[in-house]
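Summary of structural features
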Amino acid sequence: MSDCLFCKIIAGEIPSKKVYEDDMIYVFEDIAPAAPVHYLFIPKEHIASAAEVTPDNSAVVAHIFEKIAELAKGPQFENGYRIVSNCGDAAGQSVKHLHFHLLAGREFTWPAG
Ligand code: AMP
Ligand code: ZN
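Below is a short write-up of the structure. Nothing here was measured: the structure is a model prediction, and the numbers come from that model. (Residues numbered from 1 in each chain as written. Chains lettered and ligands numbered in written order. Predicted model: local features only at pLDDT ≥ 70, side-chain atom pairs only at ≥ 80, totals over all residues. Heavy atoms only, no water.)

If you look at the biggest cluster of nonpolar residues, it comprises 16 residues, and the most contacted ones within it are I25, Y39, F41, I64, F77, F100 and L102. Those elements that provide at least two residues to this core are β2 (25-29), β3 (37-43), α2 (59-71) and β5 (100-104). Top contributing element to this core by residue count: α2, with 4 residues. Beyond its immediate sequence surroundings of up to four residues, F100 is in contact with Y39, L40, F41, V61, I64, F65, I83, V84 and S85. In terms of nonpolar packing, the next biggest core, distinct from the first, is built from 9 residues, C4, F6, F28 and L40 among them. (Core = buried A, V, L, I, M, F, W, Y, C linked by side-chain atoms within 4.5 Å. Buried < 20%, exposed > 50% of the residue type's maximum accessible area, 1.4 Å probe, protein only. Helix = DSSP H or I, 4+ residues; strand = E, 2+ residues; numbered from the N terminus. Contact = heavy atoms within 4.5 Å.)

The next thing to look at is the sheet that holds β5. On the basis of which strands lie adjacent, the open sheet formed by 5 strands has the order β1-β2-β3-β5-β4 and antiparallel pairing. The sheet is open, and its two borders are formed by β1 (18-21) and β4 (81-84), each paired with just one other strand. Neighbour-to-neighbour, the strand axes of this sheet turn through a mean angle of 20°, independent of strand direction. Pairing of β4 with β5, which is carried by 4 bridges, proceeds in the antiparallel orientation. Considered in β5, the bridge of Y81 is made with A104. Sheet strands in contact with α2 are β1, β2, β3, β4 and β5, and its direction is about 155° off that of β3. (Pairing = 2+ DSSP bridges. Axes fitted to C-alpha atoms, helices over the stretch in contact; angles between N-to-C directions.)

Take the coordination of the zinc ion (ligand 2) next. The protein atoms that coordinate the zinc ion (ligand 2) are C4 (SG), C7 (SG), H46 (ND1) and H97 (ND1), at distances of 2.0 to 2.3 Å. Going along the chain, you hit the donors of the zinc ion (ligand 2) in the pattern C-x2-C-x38-H-x50-H. Separated by 93 residues along the polypeptide, C4 in the segment before α1 (5-10) and H97 in the loop between β4 and β5 bring together distant segments of the chain. As far as the burial class goes, C4 and H97 line up, both buried. (Donors = N, O, S within 2.8 Å, 3.2 Å for Na, K, Ca; no water.)

Below, the discussion takes up the site of ligand 1. Neighbouring ligand 1 are 16 residues, the closest being D30, N86, S94, H99 and H101. Interatomic distance of 3.1 Å between a backbone N/O atom of G92 and an oxygen atom of ligand 1. Interatomic distance of 2.9 Å between a side-chain N/O atom of H101 and an oxygen atom of ligand 1. Starting from 500 Å² of accessible surface for ligand 1 in isolation, the protein chains cover 82%. Using a 2 Å cut-off from the grid points, one finds that ligand 1 occupies the largest pocket. Sorting the residues of the shell around ligand 1 by element identifies α1 and β2 as the ones contributing at least two each. Per-element tally for the shell around ligand 1: the top contributor is α1, with 3 residues. (Near = heavy atom within 4 Å. Polar contact = N/O pair within 3.5 Å; in protein donor to acceptor, adjacent residues only side chain to side chain. Areas by Shrake-Rupley, 256 points an atom, 1.4 Å probe, with all protein chains shown as cover. 1 Å grid on protein atoms, 1.4 Å probe; cavity = no way out; pocket = protein on both sides within 12 Å on 5 of 7 lines; lining within 4 Å. Sits in = over half its atoms within 2 Å of the grid points.)

What follows is the structure in structure tokens.
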């Protein structure tokens, strides 16, 4: 989508700090980190939110969770981490391209405010 911030990041039109990339997904550092480690996992295909996941496009979601399990290794992750996907305005989704936040390196409270 031409007006989508994350599609522009995938295309290299907007700079980002890449953590990982393959043919299905792009992983980069959040520009406003909410924890010592704050990565964003996004599908290269434009999917607007978790509400737009269907049997036709859901394989990328499984792939993202496999890569989270692979990348969430090392001292910053050993005490646990949080995965978040905000869906819709009331949940605070500010970028309408499906993404999973991976947060680590501090304690997290629950329920999330
Ligand atoms: P959400 O509010 O759940 O939609 O998450 C969107 C995230 O994208 C926020 O945590 C922002 O800090 C992050 N973000 C916005 N613009 C950029 C950017 N140019 N590079 C990296 N992260 C960004
Ligand atoms: Zn997009």
